[in-house]
Amino acid sequence: MDQQHVEDDLALDQTLITEDQIQDRLAEMAAEITADYAERDILLVGVLKGAVMVMADLARSLDRHVEMDWMAISSYGSGTKSSGVVRILKDLDTDLSGRHVLIVEDIIDTGLTLSWLVANLRSRGPASVEIATLLRKPDAVQNDIAVKYVGFDIPNAFVVGYGLDYDEKYRNLRCIGTLAPHVYS
Ligand code: PRP
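Described below are features of the structure shown in this document. This structure is a prediction, so every number in the text was calculated from the model and none was measured.

Leu114, Leu117, Val118, Asn120 and Leu121 are the residues of helix H4 (residues 112-122) that are buried. Looking straight down H4, one finds its buried side chains confined to an arc of 165°; they lie on one side.

Looking at the element boundaries, Ile108 is found in strand S5 (residues 100-108). For the pair formed by Ile108 and Val147, sequence separation is 39 residues and the distance between their alpha carbons is 9.5 Å.

Here we take up the packing of helix H2 (residues 19-36) against helix H3 (residues 52-61). In the contact formed by H2 and H3, the axes pass within 8 Å of each other and the chain directions differ by 55°. It follows from the interaxial angle that H2 and H3 lie oblique. Here H2 runs over H3; the crossing is right-handed. Where H2 approaches H3, its residues Gln23, Leu26, Ala27, Met29, Ala30 and Ile33 are matched on the opposing element by Val54, Asp57, Leu58 and Ser61. Residues that form the contact of H2 with H3 fall into these classes: seven nonpolar, two polar and one charged.

Calculation rules
- Residues numbered from 1 in each chain as written.
- Predicted model: local features only at pLDDT ≥ 70, side-chain atom pairs only at ≥ 80, totals over all residues.
- Heavy atoms only, no water.
- Buried < 20%, exposed > 50% of the residue type's maximum accessible area, 1.4 Å probe, protein only.
- Helix = DSSP H or I, 4+ residues; strand = E, 2+ residues; numbered from the N terminus.
- Arc of directions from axis to C-beta.
- Axes fitted to C-alpha atoms, helices over the stretch in contact; angles between N-to-C directions.
- Parallel < 35°, antiparallel > 145°, perpendicular 65-115°, else oblique.
- Left-handed = near helix turned anticlockwise from the far one by under 90°.
- Contact = heavy atoms within 4.5 Å.
- Nonpolar A, V, L, I, M, F, W, Y, C, P; charged D, E, K, R; others polar.

The following block contains the structure:
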């Protein structure tokens with residue numbers, strides 16, 4: 001699904017970030033990561049399901065070897081907001097001892113999921129844990145999480161596409177669009 005879909009779909013308001021803007025920004029982030037980790041191995045940890053697209057494109061923008069692993073976690077929350085109480089549905093296959101971990105996320109909304117995840121991964125003895133996210137919302141900034149690589153700071157709208165879903169749909173939209181308020185209000 002591409003940008004034309006946003007124009008044709010009544011549930012979508014407008015395109016917030018185009019496919020080209022996403023790819024350009026990921027290339028810039030990849031260059032920063034390459035410079036920062038020059039002498040170190042990287043273990044990319046993707047958080048299912050939303051981070052699948054970011055992981056695929058960010059990893060391919062890196063002109064170096066990386067390892068990838070995945071976690072699936074579920075947040076006990078009411079409605080669309082996460083609570084920070086998290087359950088692991090699928091754990092990593094990799095031993096983190098001495099590893100340089102870079103968590104890859106699609107979006108940080110409240111920041112509660114990542115606060116929990118960073119603490120959980122740090123307890124496993126890695127050499128370092130950093131975060132790369134494509135999108136960050138205003139509330140995340142208030143929750144004081146140190147995020148090393150941020151693609152775009154976005155307004156507090158309901159966004160879909162590029163891994164982000166509404167009712168499990170729109171993850172395969174190539175750009176990021178805003179959902180029309182009448183759909184979820
Ligand atoms: C999204 C996103 C983050 C989390 C961020 O996942 O991928 O993991 O919410 O929210 P927070 O900052 O408020 O904690 P979601 O729970 O929607 O699952 P999904 O990735 O499978 O869509």
